[in-house]
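Okay, here's what each chain looks like letter by letter:
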Amino acid sequence: MINKWFRNLNQNWRNIITAIAIIVFSFIVFRTIVAIYRINKNNENEAAQNKNSIKENTVGSTNIQQNSKNNNINYSSNSDLLSDEQKALETFVEYCNNKQIDEAYQMLSDECKEEIFPTVEYFNTNYIQLVFNEKRTAKLQVSMYGDTIYQISYYGDLLSSGGYSQSGVIEDYVYFTKKNNEIKLSINQFLYSNTLEKTAENDDIFAKVTKKNVYIDYEVYDIEFTNKTDEKILLSTRKNTKGVVLVDGKNVEYTSNIDEQPLNSIVINPQEKNVLSIKFTRMYNEQREESKAIKFSDIVVNYDEYIGGEEAQIKTLEIEL
């Protein structure tokens with residue numbers, strides 16, 4: 001029996017060796033695939049961790065082609081910037097790099113200073129120290145938002161860092177305006193403001209829109225509400241996303257952040273006023289339809305009874321812009 005077993009083994013040894021070789025080769029291939037996957041995954045995680053933002057919704061990293069010149073600004077080949085705007089941005093970056101805070105601050109538009117950086121100290125803490133914590137060069141290119149808005153990519157200076165590095169790249173957008181023939185910049189994703197005086201009312205409430213602030217990805221409207229009744233009024237039940245919407249010329253509706261507002265800001269006491277800043281998610285585009293109206297579709301005019309379990313008395317209000 002044993003002799004027969006050895007005889008069979010001797011006859012089939014080549015088949016056995018081939019099978020073993022196939023198994024070993026398959027195992028090596030499998031381990032190689034797993035290793036490659038882990039390397040790629042680690043690279044993805046490292047890239048994600050390296051993202052920086054100026055604001056909460058700012059993208060952090062981007063692929064940038066950069067030369068080795070030690071310039072403050074490098075312009076993309078598809079940039080349509082006017083020479084005055086190029087010079088203005090180059091000057092702004094130079095001021096920031098040299099920590100000439102006052103000079104850089106004075107280059108901002110009045111609206112940007114009022115809405116985003118109300119003081120020089122605030123600008124220094126919340127922009128200069130965050131973005132220009134090292135000497136920066138910048139790449140500028142036309143953005144997808146329109147010809148008047150440019151994307152800036154800030155990154156560490158090549159000569160001081162010893163070469164190009166993807167990590168630590170910060171992106172922002174700049175919007176140029178002119179005041180007294182001087183170029184002014186709006187940064188930190190803020191574009192511009194419009195002063196408004198649009199009103200609407202019903203039997204229970206009076207509303208006046210006083211200002212519109214436009215950002216890259218959203219708009220903010222300041223609205224003053226006056227309760228004309230002797231009952232508390234709730235501006236929205238917040239039970240659906242369409243309770244408060246912005247409407248454009250094609251009747252497209254944009255949702256608001258009414259559900260994020262503190263309750264005491266959307267409850268108006270009898271005969272009193274509340275001022276509310278409402279944010280609407282609407283991406284900027286130069287070719288888009290203008291905003292047409294703000295609609296409130298679930299105003300509760302019997303708030304005390306409503307929270308006591310009674311049925312809500314619902315009113316609507318539309319403010320034409």
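Residues numbered from 1 in each chain as written. Predicted model: local features only at pLDDT ≥ 70, side-chain atom pairs only at ≥ 80, totals over all residues. Heavy atoms only, no water.

A few points about the overall build of the protein chain
Stage number 1. Broken down by element type, the protein chain carries 8 helices and 15 strands.
Stage number 2. With 321 residues in all, the protein chain has 42% of them scored as buried.
Stage number 3. Of the contacts made within the protein chain by residues no fewer than 6 positions apart, 61% connect residues no fewer than 24 positions apart.
Stage number 4. Summed over its atoms, the accessible surface of the protein chain is roughly 18300 Å², and 47% of this surface lies on carbon and sulfur atoms. (Helix = DSSP H or I, 4+ residues; strand = E, 2+ residues; numbered from the N terminus. Buried < 20%, exposed > 50% of the residue type's maximum accessible area, 1.4 Å probe, protein only. Contact = heavy atoms within 4.5 Å. Areas by Shrake-Rupley, 256 points an atom, 1.4 Å probe, with all protein chains shown as cover.)

Digging into helix α2 (residues 83-97)
Side chains that are three or four residues apart share a direction in an α-helix, a result of its 3.6 residues per turn.
Stage number 1. Taking 1.5 Å of rise per residue, 15 residues should cover 21 Å, and α2 covers 21 Å from first to last C-alpha, within 8% of that figure.
Stage number 2. Every buried residue of α2 is listed here: Glu85, Ala88, Leu89, Phe92, Val93, Cys96 and Asn97.
Stage number 3. Lys99 occupies a position one or two residues after α2 and carries a positive phi of about 60 degrees. (Expected span 1.5 Å × (residues − 1).)

Some thoughts on the pairing of strand β4 (residues 170-179)
Stage number 1. Most of β4 is tucked away: 7 of the 10 residues are buried.
Stage number 2. Pairing geometry for β4 and strand β5 (residues 182-186), over 5 bridges, is antiparallel. From the neighbouring strand, Thr177 faces β5, where its bridge partner is Lys184.
Stage number 3. Once β4 ends, the chain turns through 2 residues before running back antiparallel as β5, passing Asn180 with a positive phi of about 50 degrees. (Pairing = 2+ DSSP bridges.)

Notes on the pattern of salt bridges
Stage number 1. Applying the stated criterion across every chain yields a total of 13 salt bridges.
Stage number 2. For Lys315, the salt bridge is made with Asp204, and the minimal N-O distance between the two is 2.5 Å. Taken together, the residues span a long stretch of sequence, with Lys315 in strand β15 (residues 314-320) and Asp204 in the loop between β6 (190-201) and β7 (205-215) at a distance of 111 residues.
Stage number 3. For Lys273, the salt bridge identified is with Glu224, shortest N-O distance 3.9 Å. One end of the pair, Lys273, is in strand β13 (residues 273-281); the other, Glu224, is in strand β8 (residues 218-227), with 49 residues separating them in the sequence. (Salt bridge = Lys/Arg side-chain N within 4 Å of Asp/Glu carboxyl O.)

Quick word on the sheet that holds β8
Stage number 1. Sheet architecture is open: 4 strands sit in the order β6-β7-β8-β13, paired in antiparallel fashion. Bordering the open sheet on either side are β6 and β13, each of which pairs with just one other strand. Strand-to-strand twist across the sheet, computed as the mean angle between neighbouring axes with direction ignored, equals 20 degrees.
Stage number 2. Taken together, the 9 bridges between β7 and β8 define a ladder with antiparallel strand orientation. (Axes fitted to C-alpha atoms, helices over the stretch in contact; angles between N-to-C directions.)

Quick look at the confidence of the model for the protein chain
Stage number 1. Mean pLDDT for the protein chain: 80, with 70% of residues reaching 70 or above.
Stage number 2. Taking the mean pLDDT of every element in the protein chain, the minimum, 49, falls on strand β1 (residues 73-75) and the maximum, 98, on strand β9 (residues 233-234).
Stage number 3. In this model residues 34-53 is a low-confidence stretch, pLDDT under 50, and it forms 13 contacts with partners more than four residues away in sequence or in other chains. (pLDDT = per-residue confidence, 0-100.)

Some points on the nonpolar core
Stage number 1. In this structure, Phe92, Phe117, Phe123, Tyr127, Tyr154, Leu185 and Ile187 are the most contacted members of the largest nonpolar core, which totals 33 residues.
Stage number 2. Within the residue set of this core, elements represented by two or more residues are α2, α3 (101-106), α5 (120-131), β2 (136-143), β3 (146-156), β4, β5 and β8.
Stage number 3. The dominant element in this core, judged by the number of residues it contributes, is α2, at 5 residues.
Stage number 4. Every residue in contact with Phe92, bar those within four places of it in the chain, is listed here: Ala104, Met107, Leu108, Phe123, Tyr127, Tyr154, Leu185 and Ile187.
Stage number 5. Ile223, Val244, Tyr254 and Leu317 belong to the second-largest nonpolar core, a separate cluster that totals 29 residues. (Core = buried A, V, L, I, M, F, W, Y, C linked by side-chain atoms within 4.5 Å.)

Considerations on the packing of aromatic side chains
Stage number 1. Counted according to the given criterion, the structure contains 13 aromatic pairs.
Stage number 2. Both rings, one in Phe132 and one in Tyr154, keep their centres 5.1 Å apart while their planes meet at 70 degrees; by these two values the pair is edge-to-face. Placement of the pair is Phe132 in the loop between α5 and β2 and Tyr154 in strand β3, with a sequence separation of 22 residues. Grouping residues by exposure puts Phe132 and Tyr154 together as buried.
Stage number 3. Feature note: the residues Tyr105, Phe117, Tyr122, Phe123 and Tyr127 constitute an aromatic cluster, connected by ring pairs. (Phe/Tyr/Trp six-rings, centres within 6.5 Å; stacked < 30°, edge-to-face > 60°.)

Describing the pairing of β7
Stage number 1. Within β7, 8 of the 11 residues are buried, which leaves the element mostly enclosed by the surrounding structure.
Stage number 2. Summarising the sheet, β6 and β7 pair through 9 bridges and their orientation is antiparallel. In the sheet register, Ala200 faces β7, and the bridge partner there is Ala207.
Stage number 3. In this structure, the hairpin formed by β7 and β8 is closed by a connection of 2 residues.

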